[in-house]
Structures are given as structure tokens and as C-alpha cells.
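# Summary of structural features
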Amino acid sequence: MKTTLGRRTRILAATTATAGLVLVAGCSSDDDGGSGSKTAAGGVELVKGGRLTTCTHLPYPPFQSEIDGEVQGFDVSLVDLVAENLGVEQEILDTPFENFKTGAFLNSGECDLAAAGMTITEERKKNVDFSDPYFEATQAVLADKDSGITSFADLKGEKVGAQAQTTGEDYAKSQGLDPVSFESSDAVLNGLRTGQVDAVVIDYPVVQGWLKDQANADAFEVAEQINTGEQYGFTVKKGNTELLAAVNKALADAKADGTYQEIYEKWIGPYDESAASPAAS
């Protein structure tokens, strides 16, 4: 099922010293597909008729990024399965990542669910309801090959970058570091490329995506993977039990019939069965 971004409106957002000017993209449907009943299959109520509206934060490859004018990725493909079961199409809304912690866009009725490579945490559970885990994630330290950094312990006294409002940033702070915050994963990589930071701490699957580019692989290397016990989940507005059940069913079916493995191999790499069967949160 094709995922549409629709006509994009770019809004100039706040400026920060580390991230510079940030362009936040919104979207709206260009066709009449959003008209009609807001009740989908299974009695699931949607914010827009004919659409499963997903909040995300771009770019965050390989989970979601814009490729050839279309938003694609691991998360996008999985949510497409939910939309297909509901008999609708997925529509993507690009929003600031800090809103995922509070569930702001879910509560305001702008989105049905959120998918952003988001770690399930007790703090976030206070504001949103999480799906069953769909991915096991680790953090990674990525550094220049000539930096001499070979482990997380070597980061003490170095300039370290992380994406703002993420568990990678939280972990770095919890270990006594004061990371430079970047608005997006692309900004994190650019900070490393341009020497603004000596190393970065970010989700390992994101690093895997970066290293598929030969220029990045030639320049940088993973100094250490850190198992922080993180699991990703999709979120819905608290109390939206019908949609949550639909999301969990789509995930369970995909794992059972091999669709999950196909999507994993397309976007992540060689299939890791442990990532497909984490314990329910």
C-alpha cells in the first residue's frame, strides 16, 4: 500500500544553537480519499475518513525517511499493514519529536497513532498507550576511525552528540556526559562529519543505515554497541483500545506469516529473530 505524504507545507520553527534552523513539514491530502466515514473496519474510529494518520519525525532512517518524494521505511511498512487491515490508506504527518513524549498530537486529534522508532518507557506510558514491542534496539557509539575512541568509556572529555529528546541522549546524560543536542538524526550525522562533535550516541539501527553509505563506512566506525534493554513500540491516545488492538493484531500476524521478516530484511538487514519476538511490555 502506497504511503502518501500529500502536499507539504514547511514552517520555520525555533532556532537552537546546535541544530540551527529547523524545517518542520506538515501534510494534507491532495485528493478526496480523506472523505467518507471515520469508522474503519472493526469499529476503529479515525481522525480522518479513509486515512490512518500517522505522526512521525523525519528523517529517521531506516525507520522513516523521505525517498524519491515518498515517506518510506521499516515503521512505515509495518503501519501500512495496520492501515490495510482497516481498509484505509496511511497518511504521514511530520511533527516535532518532543510531542511524542506528551502525546500532544494524539490528544488534539491530529493523528491516530505515532510511529517514530520510539522506545517504550515508563515515563512515556503515563501519556500514551504503547503497542506490543516490535523491535529490540541497542545504542551505538559512532566515531571517526582516526579518533582513538574505541568504547563508550573513551567518551569522557570528548564532544559527544545525540538526537534531542531521545533515549540515546538520556543514556549519555545518565553516564555523566553533557551531549550536544541535534534536532534530527541527519543533523547528528552532519555534526560528526563537520567536526562539531567527536562521536555520537544514537540507536544502532540508525547507524547501520548510515554505514550503508560507503563514504560513511570509510570515515566512521562503531566503537561500541550498548545493550540498554530498549524496545520500540507504536503509540495511540490513552484509552484507544480498538486501534491498539488493531495495531497489535497486525504486528502478530506479520510475525506469524513471515511478512515481518521480509520487511526487516528490506530495511534493517540480516534477520535477527530476537528482534521479532520481544516480550510484551
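Residues numbered from 1 in each chain as written. Predicted model: local features only at pLDDT ≥ 70, side-chain atom pairs only at ≥ 80, totals over all residues. Heavy atoms only, no water.

## Quick word on the state of the cysteines
The criterion, for reference: Note on terminology: disulfide denotes any pair of cysteine sulfur atoms within 2.5 Å. In this description a helix means any DSSP run of H or I spanning at least four residues, a strand means any run of E spanning at least two, and both kinds are numbered starting from the N terminus. Accessibility here uses a 1.4 Å probe with only protein chains present; expressed as a share of the type maximum, an area under 20% marks a residue as buried, one over 50% as exposed, and anything in between as partly exposed.
Scanning the model with the defined rule gives 1 disulfide in all. Disulfide partner of Cys55: Cys111, at an S-S distance of 2.0 Å. Judged by the sign of its S-S torsion, about 65°, the cystine formed by Cys55 and Cys111 is right-handed. Pair noted here: Cys55 is in strand S3 (residues 51-56) and Cys111 is in the loop between helix H3 (104-107) and strand S7 (113-114), with a separation of 56 residues, a long-range link. Neither Cys55 nor Cys111 differs from the other in exposure class; each is buried.

## Observations concerning the environment of Gly209
For Gly209, the location among the structural elements is in helix H7 (residues 204-211). On the basis of relative accessible area, Gly209 is assigned to the partly exposed category, the value being 27%. Distance from Gly209 to Ile268, taken between C-alpha atoms, is 7.5 Å for residues 59 residues apart in sequence.

## Some remarks on the sheet that holds S3
The condition is simple: Paired strands are those between which DSSP finds at least two bridges.
Pairing is mixed in the open sheet, where 5 strands are placed in the order S6-S3-S7-S14-S8. Each edge of the sheet is formed by a strand with only one pairing partner; in this case those strands are strand S6 (89-94) and strand S8 (128-130). With 6 bridges connecting them, S3 and S6 associate as parallel partners. Across the sheet, the residue bridging to Cys55 is Leu93, located in S6.

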